[in-house]
Amino acid sequence: MKTSKYIAWGWIFILGLGLLLSLILDLQNGKIPMLEGRLAPGSAGAVLGTDHLGRDLALGLLSGIPALIMFAIPSLVLSLALSLVSALILSRNIRPKVPVLSFILLLFLLSMLGYALSWISIFPLPLIALGLGLGVVLLWLPLPGFRLRLPLPDLIQILMLAVLSIPGLLLLFSINPSSYGALIALIGGTSWVATAQFSQRKMEHYFNSTEFQNAHILGLPWHRILTVHLLPKLFILLTPQLAWLVSGFIVLEGSLGYLGIGLPAQHWGWGQMLRLGLQHPDLWWTWLFPGLCIAATTSSIFVVLKGKPSS
Amino acid sequence: MNWVFKQWTFALKMGLSFLCILLLGFGLTLPQGAVHSNSKNKNAPLIPNSDAPAFYVSLQPSILPSDYAGLPNCPQKKTLGILIFKYGHGLDWIHWFKSMHHQQQLPSAEVFESLTKDSNLVASAPFLPIHLRSLKPIPQNWFSALPSLHFHSNNLFHRYAFGDSKQNQGLISGHFGYSLRNHLPVKPLILNAAKSTLRFAFPAFILSCMVGLVLGLVSTFLRFPVLPMFLISIIPSYVLGAFVFLAFDWGGSTLPPTVENENIVQIIKAYSLPILTLVLVHSSLLSAHIHFWMQEETKHDYYRTALAKGLRPLHALFVHALRAILPLILTFFLQRFPLILSGTVVVEVMFGVPGFGRLAWVAVSENDQPIVLGCMLLASVLAWITVFLNGLFQSNPRNEL
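Reading guide: rules and limits
Residues numbered from 1 in each chain as written. Chains lettered and ligands numbered in written order. Predicted model: local features only at pLDDT ≥ 70, side-chain atom pairs only at ≥ 80, totals over all residues. Heavy atoms only, no water. Helix = DSSP H or I, 4+ residues; strand = E, 2+ residues; numbered from the N terminus. Contact = heavy atoms within 4.5 Å. Areas by Shrake-Rupley, 256 points an atom, 1.4 Å probe, with all protein chains shown as cover. Buried < 20%, exposed > 50% of the residue type's maximum accessible area, 1.4 Å probe, protein only. Polar contact = N/O pair within 3.5 Å; in protein donor to acceptor, adjacent residues only side chain to side chain. Domains from an automatic or database assignment. Core = buried A, V, L, I, M, F, W, Y, C linked by side-chain atoms within 4.5 Å. Expected span 1.5 Å × (residues − 1). Salt bridge = Lys/Arg side-chain N within 4 Å of Asp/Glu carboxyl O. Axes fitted to C-alpha atoms, helices over the stretch in contact; angles between N-to-C directions. Parallel < 35°, antiparallel > 145°, perpendicular 65-115°, else oblique. Left-handed = near helix turned anticlockwise from the far one by under 90°. Phe/Tyr/Trp six-rings, centres within 6.5 Å; stacked < 30°, edge-to-face > 60°. Lys NZ or Arg CZ within 6 Å of the ring centre and 35° of its normal.

## Quick notes on the overall build of chain B
Tallying secondary structure elements over chain B gives 17 helices and four strands in all. Within chain B, contacts between residues at least 6 apart in sequence are counted, and of these 68% link residues at least 24 apart. Per element, the accessible surface of chain B, about 20100 Å² overall, is 66% carbon and sulfur.

## Quick notes on the environment of Gly177 of chain B
All names here are of chain B. Note that Gly177 resides in the loop between helix 7 (156-162) and helix 8 (186-221). Look at Gly177 and you get buried, because its relative accessible area is 7%. Along the backbone, Gly177 and Ala161 are 16 residues apart, and their C-alpha atoms lie at a distance of 9.2 Å. Among residues more than four places away in sequence, those in contact with Gly177 are Asn168, Leu184, Pro185 and Val186.

## Side note on the side chain of Ser91 of chain A
Residues and elements named next belong to chain A. Its location among the elements puts Ser91 in helix 2 (residues 57-92). Looking at Ser91, its side chain comes within polar contact range of the main-chain oxygen of Leu88, at 3.2 Å. Once residues within four sequence positions are removed from consideration, Ser91 is found in contact with Gln200, Met203, Glu204 and Phe207.

## Examining the domain arrangement of chain B
Under the domain assignment used here, chain B contains domain 1 (57-151) and domain 2 (186-400). The straight-line distance from the C-alpha centre of domain 1 of chain B to that of domain 2 of chain B is 56 Å.

## Topic: the nonpolar core
Within the largest apolar cluster, 117 residues are counted, with the highest numbers of intra-cluster contacts made by Phe173, Tyr258, Leu259 and Trp270 of chain A together with Tyr238 of chain B. The residues contacting Tyr258 of chain A, other than those within four sequence positions of it, are Gly271, Gln272, Leu274, Arg275 and Leu278 of chain A together with Tyr238, Val346, Val349 and Met350 of chain B. In this structure, Tyr68, Leu71, Leu80 and Leu132 of chain B belong to the second largest nonpolar core, which totals 21 residues.

## With respect to helix 2 (residues 75-87) of chain B
Residue and element names in this part refer to chain B. Here helix 2 contains 13 residues, and its C-alpha end-to-end distance of 19 Å stays within 8% of the 18 Å for a straight helix at 1.5 Å per residue. Against helix 3 (90-102), helix 4 (109-114) and helix 5 (119-124) lie the buried residues of helix 2. At the C-terminal side of helix 2, Gly88 shows a positive phi close to 70°.

## Observations concerning the environment of Trp244 of chain A
Assignment of secondary structure puts Trp244 of chain A in helix 10 (residues 222-259). Between the C-alpha atoms of Trp244 of chain A and Leu305 of chain A, which are 61 residues apart in sequence, the distance is 8.9 Å. Setting aside residues up to four positions removed in sequence, Trp244 of chain A forms contacts with Phe302 and Lys306 of chain A together with Phe230, Ser233, Ile234, Leu285 and His289 of chain B.

## Comments concerning unusual backbone geometry
Comment: phi is negative for the bulk of residues other than glycine, and the bulk of peptide bonds are trans. Residues and elements named next belong to chain B. Of note, Gln104 is a non-glycine position whose phi angle comes to about 55°, a positive value. For Gln104, the location among the structural elements is in the loop between helix 3 and helix 4. Since its relative accessible area comes to 51%, Gln104 is described here as exposed. Unlike most non-glycine residues, His183 shows phi in positive territory, near 60°. Tracing the sequence through the fold places His183 in the loop between helix 7 and helix 8. Taking the relative accessible area as the measure of exposure, His183 reaches 59% and is therefore exposed.

## A look at the pattern of salt bridges
Side chains that carry opposite charge are capable of pairing whenever their charged atoms lie near each other. Residue and element names in this part refer to chain B. Per the stated rule, a full pass over the model turns up four salt bridges over all chains. Glu366 is paired through a salt bridge with Arg181; the nearest N and O atoms lie 2.3 Å apart. Of this pair, Glu366 sits in the loop between helix 16 (356-365) and helix 17 (369-394) while Arg181 sits in the loop between helix 7 and helix 8, placing them 185 residues apart in sequence. Glu296 is the partner of Lys299 in a salt bridge, and the nearest nitrogen-oxygen pair spans 3.3 Å. On the accessibility criterion, Glu296 (35% relative accessible area) is partly exposed.

## What about the packing of helix 2 of chain A against helix 7 (residues 180-190) of chain A?
Residue and element names in this part refer to chain A. Remark: helix 2 packs on helix 7, axes separated minimally by 8 Å, with the N-to-C direction vectors making an angle of 45°. As the angle between them shows, helix 2 and helix 7 are arranged oblique. For the pair helix 2 and helix 7, the crossing hand works out as right-handed. Between helix 2 and helix 7, the residues in contact are Ala67, Met70, Phe71, Pro74, Ser75, Leu78, Ser79 and Leu82 and Tyr180, Leu183, Ile184, Ala185, Ile187, Gly188 and Gly189, respectively.

## Remarks on the packing of aromatic side chains
Tallied over the full model, the rule gives 23 aromatic pairs over all chains. A ring pair is formed by Trp284 of chain A and Trp285 of chain A, whose centres lie 5.6 Å apart and whose planes are at 90°; its orientation type is edge-to-face. A residue is classified by how much of its surface remains accessible, and Trp284 of chain A, at 41% relative accessible area, is partly exposed. What makes Trp285 of chain A buried here is its relative accessible area of 7%. Across from the ring centre of Phe207 of chain A, 4.8 Å away, lies the NZ or CZ of Arg92 of chain A, which sits over that ring. Directly above the aromatic system of Tyr68 of chain B lies the positively charged group of Lys77 of chain B, at a separation of 5.4 Å from the ring centroid.

In structure tokens, the structure reads:
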């Protein structure tokens with residue numbers, strides 16, 4: 001176990017060095033110098049050989065690292081943020097009381113903002129219009145003081161069930177997003193459910209504990225309870241979960257690269273290198289090294305995160 | 001009564017979530033506005049035969065006719081809005097714009113934009129019809145800029161869902177539309193592809209369940225470390241597939257998987273490598289989980305008591321511990337089941353299996369939206385059914401994963 005951990009940390013260190021090197025050499029998005037001929041590994045000028053077009057394989061692998069990190073980290077942050085917020089809402093059963101009029105006003109302002117920014121006619125508008133319609137209907141109901149309890153936990157549960165039923169990879173390449181932002185939003189938006197369910201269980205456990213009761217009775221403010229007491233504990237418990245999540249993102253990036261769709265046109269990653277390499281199976285180094293890199297990275301991240309004592 | 005209410009609430013939530021899936025599927029997978037012939041290149045020519053497809057509500061100045069929102073998104077559209085605002089007669093402008101767009105004869109964005117600056121240019125623009133050239137600027141009222149809300153339903157989404165002719169009766173009648181590429185009905189195409197996928201994915205699923213179960217139990221009994229199994233399970237299928245292909249396809253001894261493989265030897269020769277890849281991926285994950293659960297189970301008091309009473313370890317492990325983790329294993333199977341249809345894309349593309357995932361992949365590459373939608377819907381329905389079954393199964397607290 002210890003040896004595997006050292007190897008995993010070693011590989012992550014190499015990845016970090018590779019990232020620095022690729023930034024220094026400005027190798028992003030597959031800008032790789034071409035060499036003449038198809039060189040085998042160990043040749044002068046190309047340690048890992050060249051691909052079928054004569055591009056240096058080592059530099060190609062290096063140039064895939066920034067894309068991998070650019071892809072994995074924001075997706076992870078978004079996914080974590082979504083899962084923590086929804087877990088908190090579910091575990092505390094937060095149903096904010098909103099005056100119906102201000103609710104409608106908020107939706108109206110949102111739609112006006114959308115109108116001004118001219119993104120209103122696309123996806124968000126049906127939802128806003130639905131909310132507006134709902135608000136107008138609610139206005140006619142004899143609610144006490146025209147106040148509405150937003151059923152956030154129910155909505156989140158419905159959303160979770162919906163997200164669970166959507167096949168992620170199929171959805172991703174069906175939409176075929178053309179920018180990193182859209183891609184990260186989609187991945188973050190479809191991968192938060194398992195973490196949210198796990199966090200919800202842990203948060204419920206914490207909110208029932210005497211530690212929380214005492215802190216609450218002592219009058220500790222909520223933000224302090226969350227940031228000082230709950231989140232650090234939760235993050236330690238979440239590390240094994242993150243192992244699956246991060247490895248999953250790397251596998252997904254490689255899958256989309258391998259399939260050749262669903263990634264921005266300028267994207268260059270190990271999945272693409274593997275696909276190109278497998279078109280020429282006789283040049284064994286062109287598919288072997290990207291394949292090994294993907295396998296080593298997913299395994300290392302898994303070993304490092306899963307190997308925490310809390311796991 | 002309470003149980004019935006709970007189940008009813010759960011079914012209601014599932015129904016609503018299914019509605020969400022449909023809306024998400026339609027809203028996200030259908031292209032917005034006209035389709036660019038090359039989705040990566042926004043300067044590529046627009047395919048003229050599509051109006052704004054997803055059902056939508058538009059918010060626009062009240063002077064603009066509701067058809068304006070349905071025009072394809074291109075740089076000239078904004079200029080058209082300004083011209084309508086300035087000269088009125090919105091329907092005439094839109095009719096002209098649509099016909100020019102259909103014939104791919106729209107003036108360039110710069111030329112079109114210059115019309116907004118000088119009314120003399122409109123009068124002399126050669127590409128405008130006479131009745132538009134004769135228009136004079138109208139006095140602008142502040143209320144014509146007020147936003148108005150329009151609901152649009154008679155579009156591709158509407159036609160896809162409810163049909164528009166006897167040949168296309170819509171999704172509501174079980175008709176998935178026609179492929180844009182070869183004009184064949186989508187439903188048989190998808191069902192044939194799904195059949196082809198099930199031909200190898202279902203045996204692979206059964207086999208991986210059996211292999212995973214045996215491996216998990218044996219590794220627990222022999223106290224093997226669990227990490228290698230987790231590590232194999234985390235290696236992506238395209239890497240495993242590549243290794244399997246190059247390790248076992250000696251001199252091209254395997255056949256390409258096609259629908260013509262009829263006898264059993266041909267089928268085994270054709271599908272052995274995809275099956276092997278899927279078995280490796282799924283069974284390693286299952287065996288790792290079983291190993292982990294069994295290890296947890298052996299820490300319980302009942303297990304120690306059984307051993308202390310003189311029960312053989314093999315008996316205690318395979319009869320008592322295995323029975324305790326059986327609900328977890330069943331839940332795991334249920335969670336993985338939808339992947340037999342939607343989780344084989346990479347393997348199908350890699351080994352050239354003419355299956356469901358490959359069909360979706362080709363359809364996305366060729367922008368064949370009806371097939372993409374059909375595939376998404378079928379995969380979502382299967383996943384939704386298994387999530388529903390899983391939810392029912394998990395309503396018993398003992399079965400929670």
